[in-house]
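Residues per chain, in single letters:
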Protein chains: 2
Amino acid sequence: MTTAASNDISDEPTRLERLVSKIFSTNIETPTVRPTPNASATLLAGVPAQDDCAVYALTGEQELVVGSDYVRGPKFRLYEYGLLSDYDLGYYLAAANISDVAAMGARPIGLLTVVRYPPDMTDSQFASVLEGIRDACTRFQTVTVGGDIGGAERLILSATALGVCRRGGSLRRQGARAGDVLCLTGPTGVAGAAMRYFRGGARSTAIDVEFRQTLLDSWKRPVARVREGILLGEFGSVTACQDTSDGLKAAVTSIAAASGVGLVIDEHDLPISPAVTAVTEFLELDRTPMIMGDSVDFQLLFTIPERDLERLRKAFENQGLCCHPIGQATRDRAVSLRTRQGDLTPLPGDAWRHMPDVLTGPQRAVHPG
Amino acid sequence: MTTAASNDISDEPTRLERLVSKIFSTNIETPTVRPTPNASATLLAGVPAQDDCAVYALTGEQELVVGSDYVRGPKFRLYEYGLLSDYDLGYYLAAANISDVAAMGARPIGLLTVVRYPPDMTDSQFASVLEGIRDACTRFQTVTVGGDIGGAERLILSATALGVCRRGGSLRRQGARAGDVLCLTGPTGVAGAAMRYFRGGARSTAIDVEFRQTLLDSWKRPVARVREGILLGEFGSVTACQDTSDGLKAAVTSIAAASGVGLVIDEHDLPISPAVTAVTEFLELDRTPMIMGDSVDFQLLFTIPERDLERLRKAFENQGLCCHPIGQATRDRAVSLRTRQGDLTPLPGDAWRHMPDVLTGPQRAVHPG
C-alpha cells in the first residue's frame, strides 16, 4: 500500500523467497485427496520446498513428480544469432523440462507442452517446433501427452514434465549431511562458454570445429540426465540432488541451504570440458568461474554417504555413465572452493540472480527459464 | 519443402488435427512405466484423444488427469480496458486450468503456474497475480504446488492442473451414444456478452448494475465446476463430458465428433442468463448465437443415458447444483438446433476457430487460451 513498497522490483530469488513461498504456503490445507476410500494422492513437497518438482505420494507405493518450466526460446541469444532453429527450441523445451523430473530421481511418464505461435509462423515452422519436442521426448524415453497451442504475439514455449518413482525414491535438495560426498554427472560451463564464444554471432574458425560443435550442442541437443536420475533414485542412499540448470554455483548453494550444511568444492576435481578450456583460453577468461557460473548444463549434482561412493561409481560405470566426486558436505555451513593451491575461497562465478532483461543487460540474459 | 506448403498458415483446429495429433501420435511406444515391479503408470489418453487433459491409470485403482492451458491474460480486452486487475488475471489462470480437470470428472490435487513478468512489474503487482491464483485454488479446493517464475517482456501466464478420480471415472469427449440426453450445468454466452457489452471500455449505465456485475464476474471470478465434475465422475454412467471454454457450439461439435453421434439442441431448453438477454436486447443482437458462440464460460456439457437423468437431477439438486437437459444424441451425425418454431437448423454462433490476432482481427480475439 505504501508507494515505496509498491515500487519495489526484486530479483527472482528474492521473489521466490519472499513472495512465492509465502503466498503459496498459506493454502495447503488438504494435502490428501481421496477419489475413493482406498485411493489417495498426498502432497509431499509443494511450493515451499522449492524443489524442481512437486512430489505426491500415491497409493500403490509410488510417487508422482511434476514440474513446469518456461523457456525463453526465441529470446535465446543463439537463436537470435541464427545458430538455433525452431526444431532446436522444441528440443530444448522438452529436454529442460524432462531434466527436472530426472533430477528428482523419477522416470518420465509424459510431457505437456504449451506452444503459442506468432501470426506469421507457418505450418512447417510450427511443425518443426513440435518435431523437436517429439524427438527429445523419444530420446529421453517419454512421450508428449497433451498441452495447449494457439496464437500469441511471438513464440511462447512452456512445458510440464511428469514422472514416477518408487515410494520414498524422489530426490530433494534437502537431505545432504555433513560428511557426504558431493558428485556431478559431467562437466559444467559448456552452455555458458557457448554464450560467450558466439556472442554477436558465429566465430567460425577461432577454436576447433569439434569444440564449436560441443558448444552448439549444449543448446541444440541438451541432455536430460534421465538414466542417471533413475539410477540415483533407485540407488537408495542419495541424500540430495538437483540439476545444474541455474549453474553449478547456484546448485551447490541451493543444496547447502536446503540441507543446512556447508559444501566445499575441490577445484582440482571439477570435470572439465575441453571446449570450455578452448573458449576461456581464446577469450582470456578464468576457467573456474565459467565452470561454476550461470551456465545451463542440465548435469545432476548430488550427495551420497562416503561409504556408498564406490558402489555408486560401479553402478554408474556398469551403465556407461559418469560420476565425478567434486567435494564434501561439512557441518560448517559455508559454501567454498578449495583451490588448486589449497586455499579456501568463496565460490567464483556469477550467482544465479536473474532480473528481467532490461534491468540486467545482455550478460545476464543467458538463462533459459 | 515446397514454397507453397511452407507458406501455409492454418488456424488452430486445423493445426491440432493435421499437425499436433499426427506428430505427437508417432512416439507413443511405452505407455506403461513401472518404477517398481508392483507400481505403474499407464497412459490411457494422450494427444490424439484431444481431450482437455491426458489420463493415466495408476496402480492403487485411481486415474491421474493433467492438463495445461495458457491464458492471454494481459491481452484480454477487459484487462486492456482497465476492467480486470492483475489479481483477476491470476484468478482466471487458476480457474481456467482447474476447469479442465473438473471437466474430466476428477478432484483437483494441485496446480503448477508459470508466471513470467515484465521488467517494470513491481513486487506488489506480482504478488497480486499470485494472490489471485492462490484464492482461486482455495475456492476450488486445491493448492498451488509449483511452477516457474522469472522475467519476460510482458506478463506471460500458463498453468497445469492435476486431478485424480476412481479407476474408470475419467470423463472423455468420446462415449456419447444415440439416445443419450445432453445436459449443461448453467447458462453460456455470458463471457462473450461481456466482451460485446464492454467493447471499447465500460458503459456504466446502459444495463442494470447487477447484470453488469454478472458480465464482469464471468471474467473476474470464473467458476470451475469442480463439484459438478466430481459428481459426474462418481455418478457412473456419464458417457461424455467437456467444458464450454471454447463456447457451447464448439463443445457440442467436439463431443459429437469424438463420439460419432449427432446432437440436436432444443433452443427452448437452453438456460439463459438475464445478463445475456439484457446485452443482446441493448445491442439488438440475436440471443441464441450469443449463447452458442465463442464465449468462455466454463460450464460443463455432458451426456447421460435417458434412464439415469432423473437420478442425476436429484443428485445435482441434493448438492444445490444445476443440471439442464438441452438436447439429445442421435444416430444421424448432424449437429443441429431445433428452434422454438420447431425447425432444425445448423447451430448458430461463431465457431471456435481462432487464428493469431493479426489474421483474425479484434472480434476473434475473445478467447483466452
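Residues numbered from 1 in each chain as written. Chains lettered and ligands numbered in written order. Predicted model: local features only at pLDDT ≥ 70, side-chain atom pairs only at ≥ 80, totals over all residues.

1. Focus: the interface of chain A and chain B
Let me state the cut-off plainly: Contact between two residues is assigned when their C-beta atoms, built from the backbone, lie within 7 Å. Secondary structure elements are taken from DSSP: a helix is a run of H or I of four residues or more, a strand is a run of E of two residues or more, and numbering for both begins at the N terminus. In this classification, the charged set is Asp, Glu, Lys and Arg, the nonpolar set is Ala, Val, Leu, Ile, Met, Phe, Trp, Tyr, Cys and Pro, and all remaining amino acids, among them Gly, are polar.
Of the residues lining the interface, 84 residues belong to chain A; the matching set on chain B comes to 84 residues. Of the residues forming the side of chain A that touches chain B, the biggest block, nine residues, is contributed by helix H5 (residues 123-139) of chain A. For the side of chain A that touches chain B, a count of residues per class yields 42 nonpolar, 29 polar and 13 charged.

2. Here we look at the domain arrangement of chain A
Residue and element names in this part refer to chain A. Selection rule: Residue ranges assigned to the domains are those given by an automatic or database domain assignment.
Examined at the domain level, chain A breaks down into domain 1 (32-166) and domain 2 (181-364). Look at where the C-alpha atoms of domain 1 and domain 2 centre, and you get two points 22 Å apart. Going through the elements one at a time, helix H3 (77-80), helix H4 (86-103) and strand S5 (107-117) are the ones with two or more residues in the side of domain 1 that touches domain 2. Of all the elements, H4 adds the most residues to the side of domain 1 that touches domain 2, at ten residues. Along the lines of polarity and charge, the residues of the side of domain 1 that touches domain 2 split into 16 nonpolar, three polar and five charged.

3. Some words on the relation of the copies chain A and chain B
Mapping one chain copy onto the other needs a rotation about an axis and a shift along that axis. Selection criterion: Residues reaching a pLDDT of at least 70 in both copies supply the C-alpha atoms on which the copies are superposed by least squares.
Superposing chain A onto chain B requires a rotation of 180 degrees together with a translation of 0.0 Å along the rotation axis, leaving an RMSD of 0.0 Å. Overall, the copies show the geometry of a two-fold rotation axis. Of every C-alpha in chain A, the one belonging to Gly-60 of chain A sits nearest the axis of rotation, 2.3 Å from it.

4. Remarks on the sheet that holds S5 of chain A
Residues and elements named next belong to chain A. For the record, the criterion: When DSSP locates at least two bridges between a pair of strands, those strands are taken to pair. Comment: axis = line fitted to C-alpha atoms, over the contacting stretch for helices; angle = value between 0 and 180 degrees taken between N-to-C directions.
Spatially, the seven strands line up as an open sheet ordered S1-S2-S3-S4-S7-S5-S6, and their pairing is mixed. Looking at which strands have only one partner, the edges of the open sheet turn out to be strand S1 (32-36) and strand S6 (144-151). Taking the axes of each pair of neighbouring strands and ignoring which way they run, one obtains an average angle of 15 degrees across the sheet. In terms of strand pairing, S1 meets strand S2 (residues 39-45) through three bridges, oriented antiparallel. By the bridge assignment, Thr-32 is partnered in S2 with Thr-42. Helix-sheet contacts for H4 involve strand S4 (62-71), S5 and strand S7 (156-166), and the interaxial angle to S7 is about 35 degrees.

5. Here we look at the packing of helix H6 (residues 190-197) of chain A against helix H7 (residues 209-220) of chain A
Geometrically, a packed helix pair is captured by the angle between its two axes and the distance between the axes. All names here are of chain A. Convention followed: Note that the term roughly parallel is reserved for angles under 35 degrees, roughly antiparallel for angles over 145, roughly perpendicular for angles of 65 to 115, and oblique for everything else. Two helices that cross are described as forming a left-handed crossing if the nearer one is turned anticlockwise from the farther one by less than a right angle, and a right-handed crossing if clockwise.
Close contact between H6 and H7 brings their axes to 8 Å; oriented N to C, the two are set at 110 degrees. Comparing their axes, H7 and H6 come out roughly perpendicular. Crossing angle aside, the handedness with which H6 passes H7 is left-handed. Of the residues in H7, those in contact with Val-190, Ala-191, Ala-193, Ala-194 and Tyr-197 of H6 are Thr-214, Leu-215, Leu-216, Ser-218 and Trp-219. Of the residues contributing to the contact of H6 with H7, the split by class is eight nonpolar, two polar and no charged.

6. Remarks on the sheet that holds strand S13 (residues 335-338) of chain A
Residue and element names in this part refer to chain A. Taken in spatial order, the seven strands line up as S9-S11-S8-S12-S10-S13-S14 in an open sheet, and their pairing is mixed. One side of each edge strand has no neighbouring strand; the edge strands of this open sheet are strand S9 (240-243) and strand S14 (344-346). The average undirected angle you get between the axes of adjacent strands in this sheet is 30 degrees. Two elements, S13 and S14, share three bridges in a ladder whose sense is antiparallel.

7. Let's talk about the pairing of strand S8 (residues 181-184) of chain B
All names here are of chain B. So the rule is basically this: As a rule, residues whose C-beta atom has 12 or fewer other C-beta atoms within 10 Å are exposed, those with 20 or more are buried, and those in between are partly exposed; C-beta atoms are placed from the backbone.
Residues of S8 alternate between two faces, with Val-181 and Cys-183 on one and Leu-182 and Leu-184 on the opposite face, all of them buried. Here four bridges tie S8 to strand S11 (residues 300-304), and the two strands are oriented antiparallel to one another. Opposite Cys-183, over in S11, you have Phe-302 as the bridge partner. Sheet topology note: the S8/strand S12 (residues 324-330) ladder contains four bridges and is antiparallel. Counterpart to Cys-183 in the pairing with S12 is Pro-325.

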